[in-house]
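The lines below spell out each chain.
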Amino acid sequence: MYPVDLPSVDDTELTLASENYLTSLKATPSSNEWFGSVLMTKKIAITPANISQLQLFEDDHPACTVLALHPPHDQTQVLALYLHKKWWELDDVLQTSSKSRSGLQPVQSIMERLIVFLLSQVVERPQSHGEVSFFLHPRRENCKVLWKDGQAVGFYSVKHKGGLCDSWSSRCYLLPVLDTVLVRRSCRRRGFGLQILHDFCSSFSSEDFLGVSSPLSSSMVAVIRKFLQKHEEHRERLYEVEAPGGWTQRRNIWLNIQLGHYTSEQTGGAVLTPVSTRNSNAPLVRASAQFCDVNQEGSSQSSEISGTGCCSAAHADVPDFKTPSRPQHVEESLKWKDASSRKPNIKSSEEMQKWFKRARRTSMPEEHPCQKNIHQQVKTQT
C-alpha cells in the first residue's frame, strides 16, 4: 500500500507529526539515519540540514507542512517525504494500489491534496524559461486528480460559480471556471488534456457558459482548439475569462481562434502546461515567509482583480445565479460566416425606386403646422 491508500489523517496531524519528528532529530544529531532507494546511486544522511518543511496551501493559517528530504547541495530536489511515521520515496507518494482510483477522481483527503501539491510544485517544475509554474492552491480548492495505471498523471482545478474570487473582497465568480490544468511530461500527447476538458464541460452540463482562466498558455489554446474541432456543441460555451467573469471580461475562444487573435504558436501543436501564466522563477515553497508571499509577482488566478461585473458575497449561497443574456454582437459574430455566404437579394430598378420612396416617407420628420400651411399655399399657386 501507498500513503494515499493508508488511513486518512487531517492537516493538523500531518503537521504535528512532522514537527515532532524534526524536534527529535535535532535532539539526537548523531542518530546516523540514512535513506536510499534502488534508483539512488548512494544513500543520503537524514539530518536537519538535509530536511525542509514544505508548505502545502496558499492559506497557511493554520499551517500545514510536510517534511522533505533533499540532497546535501540541492534543496530544490525532493527525494522523499515523511508520512505515516516513515520516509517514502517521491514516486511512491504519487502511486496507489486501489483499483477504484482510475480516471478523474475528486480530491477529498489530505493525501490527495498533497499529490496535487507535488505535481504542481515539485514533480513538474519548469525546465525551461518559457514554461510556467503554479502558485499554491487554496486549502479548499476544488480539484480532480487524473489516475492512470495506479499512478497520478495530472490534475485540474475549478473555481465554482458563486465562489469567492479572493480572500479580501466580496467578488464572486459568475460562471464555473477551469483555473489550472497539468499533465505530467511523461504522459503528454496521449489525449489526457482532451479528457480533462470533456470532464469539465460534462460536470457543468446545465450551465450555458463556461470559463477558462486568462491568459491561456499556447499549449492550452492548442488543446482547446483540438477539443472544439471534435465537439462543436461547446464552441459557444467556452470563454476565456478574467475574474469574476462578467461579459466585459469574457471572449469566446473558438471565435478568437477563427479570427486569428491567438498567435500561430498558440494554435499549433503543443504539450499541455498550466492554463494560467504563473511565475516561471518561483522557488520551491517552504514553510517560510520569504517563500509564501502572496503579493509577489505572478499571483494566482484566483487572486487577480480586474474589470467589473462582480456580485456580492452575500449571494454565495444562492444555488444558481441568473446568467446574463449573451450580447447581440456576440451572437452575430459567431454566425458571421453564414451571413457572408448568403447571396444578396437583388431587386429590379422599379422595385428599388419604390423602396427608396417608402424609405424617404418613413425617414422624413413630421412637419410643423406652419410648414404644412406654406406647402398648401405653394400647391394652390402652382
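It should be emphasised that the depicted structure is a prediction, and the values quoted were computed from it without experimental measurement.

### Details of the pairing of strand β9 (residues 151–159)
No. 1: The buried fraction of β9 amounts to eight of the nine residues, a majority that puts the element mostly inside the structure.
No. 2: The pairing of strand β8 (residues 142–148) with β9 spans seven bridges and is classified as antiparallel. When the sheet's bridge partners are listed, Lys 144 is paired in β9 with Tyr 156.
No. 3: The antiparallel hairpin formed by β8 and β9 contains two residues in its connecting segment, where Asp 149 sits at a positive phi of about 55 degrees.

### As for the confidence of the model for the protein
No. 1: Taken as a whole, the protein shows an average pLDDT of 76; of its residues, 65% reach a score of 70 or greater.
No. 2: The secondary structure element of the protein with the lowest average pLDDT is helix α9 (residues 336–341), at 44, and the one with the highest is strand β12 (residues 238–241), at 98.
No. 3: Below pLDDT 50 for its whole length, residues 269–274 participates in 22 contacts with residues either more than four positions away or in separate chains.

### Regarding the sheet that holds strand β5 (residues 80–83)
No. 1: If you trace the four strands from one edge of the open sheet to the other, you get β3-β4-β5-β6, paired in antiparallel fashion. A single partner strand is all that each edge strand has here, and the edge strands are β3 (51–55) and β6 (86–89). With direction set aside, neighbouring strand axes in the sheet form an average angle of 40 degrees.
No. 2: Pairing of strand β4 (residues 65–69) with β5, which is carried by three bridges, proceeds in the antiparallel orientation. Bridge pairing in β5 places Leu 69 opposite Ala 80.

### Side note on the pattern of salt bridges
No. 1: In this structure the tally under the stated criterion is 11 salt bridges.
No. 2: Arg 235 serves as the salt-bridge partner of Glu 232, at 3.9 Å between the closest nitrogen and oxygen.

### Examining the packing of aromatic side chains
No. 1: Across all of its chains, the model carries seven aromatic pairs by this definition.
No. 2: On the basis of an interplanar angle of 25 degrees and a centroid distance of 4.1 Å, the ring pair of Tyr 21 and Tyr 82 is categorised as stacked. Placement of Tyr 21 in helix α1 (residues 11–27) and of Tyr 82 in strand β5 is noted, with a sequence separation of 61 residues between them. Both residues of the pair, Tyr 21 and Tyr 82, belong to the buried class.
No. 3: Aromatic ring contacts, followed pair by pair, group Tyr 21, Tyr 82 and Trp 87 into a single cluster.
No. 4: Positioned over the ring face of Trp 88 is Lys 86, at 4.4 Å from the centre of the ring.
No. 5: The ring of Trp 247 has Arg 250 sitting right over it, with the charged end atom 4.4 Å from the ring centre.

### Things to note about helix α5 (residues 218–230)
No. 1: Compared with the 18 Å implied by 1.5 Å per residue over 13 residues, the 19 Å span of α5 between its first and last C-alpha is a close match.
No. 2: Along α5, the positions that sit buried rather than exposed are Ser 219, Met 220, Val 221, Ala 222, Val 223, Ile 224, Phe 227 and Leu 228.

### Topic: unusual backbone geometry
No. 1: For the bond from Ser 214 to Pro 215, the omega torsion is 0 degrees, close enough to zero to count as cis.
No. 2: In this structure, Pro 215 sits in the loop between β11 (210–213) and α5.
No. 3: Cis geometry is adopted by the peptide bond preceding Pro 244, which originates at Ala 243 and carries an omega value of 5 degrees.
No. 4: Following the sequence through the fold, Pro 244 ends up in the loop between β12 and β13 (250–252).
No. 5: Even without being glycine, His 84 reaches a positive phi, approximately 50 degrees.
No. 6: Looking at the secondary structure, you find His 84 in the loop between β5 and β6.
No. 7: Since its relative accessible area comes to 27%, His 84 is described here as partly exposed.
No. 8: We note that Lys 85 has phi near 65 degrees; this positive angle belongs to a residue other than glycine.
No. 9: Inspection of the secondary structure assignment puts Lys 85 in the loop between β5 and β6.

### A few points about the sheet that holds β12
The pairing of strands in a sheet comes from backbone hydrogen bonds and takes either a parallel or an antiparallel form.
No. 1: A sheet is described by the order of its strands in space; here seven strands give the open sequence β7-β8-β9-β10-β11-β12-β13, paired in mixed fashion. The strands lining the two open edges of the sheet, one partner per strand, are β7 (103–106) and β13. Adjacent strand axes in the sheet meet at a mean angle of 35 degrees, parallel and antiparallel pairs treated alike.
No. 2: Bridging between β9 and strand β10 (residues 177–183) involves six bridges; their strand directions are antiparallel. When the bridges of β10 are listed, Gly 154 appears paired with Val 183.
No. 3: Those strands touched by α5 are β10, β11 and β12, and its axis lies near 165 degrees from that of β12.

### Some points on the side chain of Ser 52
No. 1: Within the secondary structure, Ser 52 is located in strand β3.
No. 2: Exposure remark for Ser 52: the relative accessible area of 9% places this residue in the buried category.
No. 3: A polar side-chain atom of Ser 52 sits 2.4 Å from a polar atom in the side chain of His 70.

### Describing the packing of helix α4 (residues 192–203) against α5
No. 1: It is at 10 Å that the axes of α4 and α5 come closest, and there the two elements cross at 65 degrees. Between α4 and α5 lies a crossing whose hand is right-handed. Touching Gly 193, Leu 194, Leu 197, His 198 and Cys 201 of α4 are Met 220, Val 223, Ile 224, Lys 226, Phe 227 and Lys 230, all from α5.

Parameters at a glance
Residues numbered from 1 in each chain as written. Predicted model: local features only at pLDDT ≥ 70, side-chain atom pairs only at ≥ 80, totals over all residues. Heavy atoms only, no water. Buried < 20%, exposed > 50% of the residue type's maximum accessible area, 1.4 Å probe, protein only. Helix = DSSP H or I, 4+ residues; strand = E, 2+ residues; numbered from the N terminus. Pairing = 2+ DSSP bridges. pLDDT = per-residue confidence, 0-100. Contact = heavy atoms within 4.5 Å. Axes fitted to C-alpha atoms, helices over the stretch in contact; angles between N-to-C directions. Salt bridge = Lys/Arg side-chain N within 4 Å of Asp/Glu carboxyl O. Phe/Tyr/Trp six-rings, centres within 6.5 Å; stacked < 30°, edge-to-face > 60°. Lys NZ or Arg CZ within 6 Å of the ring centre and 35° of its normal. Expected span 1.5 Å × (residues − 1). Polar contact = N/O pair within 3.5 Å; in protein donor to acceptor, adjacent residues only side chain to side chain. Left-handed = near helix turned anticlockwise from the far one by under 90°.

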